[in-house]
Amino acid sequence: MDIFKLLKTLNSAQSSWQLTLAIVLGMISGFLPLFTPLNFLILFVAFTLNIPLAIFFFMSVIFGTLGLLLDPVFASIGYGVLTEVSLNTLFTSMYNSTPILWSSYNYTILMGSFLVSFALVLPMFFILNPLINKYREVLEAKFKDSKYFSWLNPYSEENLKKKQGVLRLWAAGLFFLLFGLIAAVLLLIIDPLLKYTLELTFLGN
């Protein structure tokens with residue numbers, strides 16, 4: 001995303017909480033390992049809530065890059081929690097529950113990144129939201145009467161007319177359709193193809 005598009009999104013008709021939530025969800029998605037059920041859940045929330053997806057994906061990349069550097073820290077935290085003796089009973093129960101086991105909670109990096117990211121959710125939200133509000137107030141005062149830069153005023157009449165609702169149900173439907181198609185391809189094409197290849201290999205030997 002270039003700077004122009006980033007500024008345009010920051011000054012869109014969406015409320016400051018929507019922008020803040022896009023950054024926070026992007027942070028969680030970036031810190032979590034990419035191909036995990038928890039990250040797919042975060043993606044679903046991001047698609048369903050009417051937040052700027054451009055900012056969400058931009059922040060996912062930023063925090064994903066930072067997460068690669070923090071992986072040893074995440075692994076250390078995750079290992080410490082997963083090997084905590086007082087939590088053995090809890091983790092044994094979780095391990096015996098198939099849906100919870102699918103979350104891959106028992107991987108040290110995932111557990112560590114999950115704990116760190118969710119510990120940062122409330123502090124980030126309550127710090128960023130007033131900062132974004134202040135930033136927008138400054139822009140409104142500066143560009144309120146500007147002829148050529150009115151698009152930089154987040155509270156301009158044009159932007160307020162574009163104000164949208166909280167949910168984006170069509171995007172949630174698109175999300176399910178997309179991942180449904182991916183799952184169908186994996187089950188109906190890739191899986192039989194792999195089985196056929198393995199059978200051919202063993203029969204050939």
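Since we're looking at a predicted model, the values are computed, not measured. (Residues numbered from 1 in each chain as written. Predicted model: local features only at pLDDT ≥ 70, side-chain atom pairs only at ≥ 80, totals over all residues. Heavy atoms only, no water.)

Draft legend 1. Region of interest: the overall build of the protein chain. The helix and strand tally for the protein chain stands at nine helices and zero strands. Reading the protein chain from its N terminus to its C terminus gives the helix and strand order α-α-α-α-α-α-α-α-α. The 205 residues of the protein chain split such that 33% are buried. For the protein chain, the share of sequence-separated contacts (at least 6 apart) that also reach a separation of at least 24 residues comes to 75%. For the protein chain, the computed accessible surface area is about 13,100 Å², with 74% contributed by carbon and sulfur atoms. (Helix = DSSP H or I, 4+ residues; strand = E, 2+ residues; numbered from the N terminus. Buried < 20%, exposed > 50% of the residue type's maximum accessible area, 1.4 Å probe, protein only. Contact = heavy atoms within 4.5 Å. Areas by Shrake-Rupley, 256 points an atom, 1.4 Å probe, with all protein chains shown as cover.)

Draft legend 2. Up close: the packing of aromatic side chains. Under the counting rule described, the total for this entry stands at seven aromatic pairs. Ring centres 5.3 Å apart and planes at 65° place the aromatic pair Phe31 and Phe74 in the edge-to-face group. With Phe31 in helix H2 (residues 16-31) and Phe74 in helix H4 (residues 53-82), this residue pair connects regions lying 43 residues apart in the sequence. Taking the relative accessible area as the measure of exposure, Phe31 reaches 5% and is therefore buried. According to the relative accessible area criterion, Phe74 is buried, its value standing at 1%. (Phe/Tyr/Trp six-rings, centres within 6.5 Å; stacked < 30°, edge-to-face > 60°.)

Draft legend 3. The arrangement of the environment of Met94 in detail. For Met94, the position within the fold is in helix H5 (residues 88-95). Residues in contact with Met94, not counting those within four places in the same chain, are Ile100, Leu101 and Tyr105.

Draft legend 4. Quick look at the packing of H2 against H4. Running from amino to carboxyl end, H2 crosses H4 at an angle of 40°, the nearest separation of the two axes being 6 Å. Note that H2 runs across H4; the crossing there is right-handed. For the pair H2 and H4, contact is made by Leu19, Ala22, Ile23, Leu25, Gly26, Met27, Ser29, Gly30 and Phe31 and by Ile55, Phe56, Met59, Ser60, Phe63, Gly64, Leu66, Gly67, Leu70 and Phe74, respectively. Here the residues of the contact of H2 with H4 sort into 13 nonpolar, six polar and no charged. (Axes fitted to C-alpha atoms, helices over the stretch in contact; angles between N-to-C directions. Left-handed = near helix turned anticlockwise from the far one by under 90°. Nonpolar A, V, L, I, M, F, W, Y, C, P; charged D, E, K, R; others polar.)

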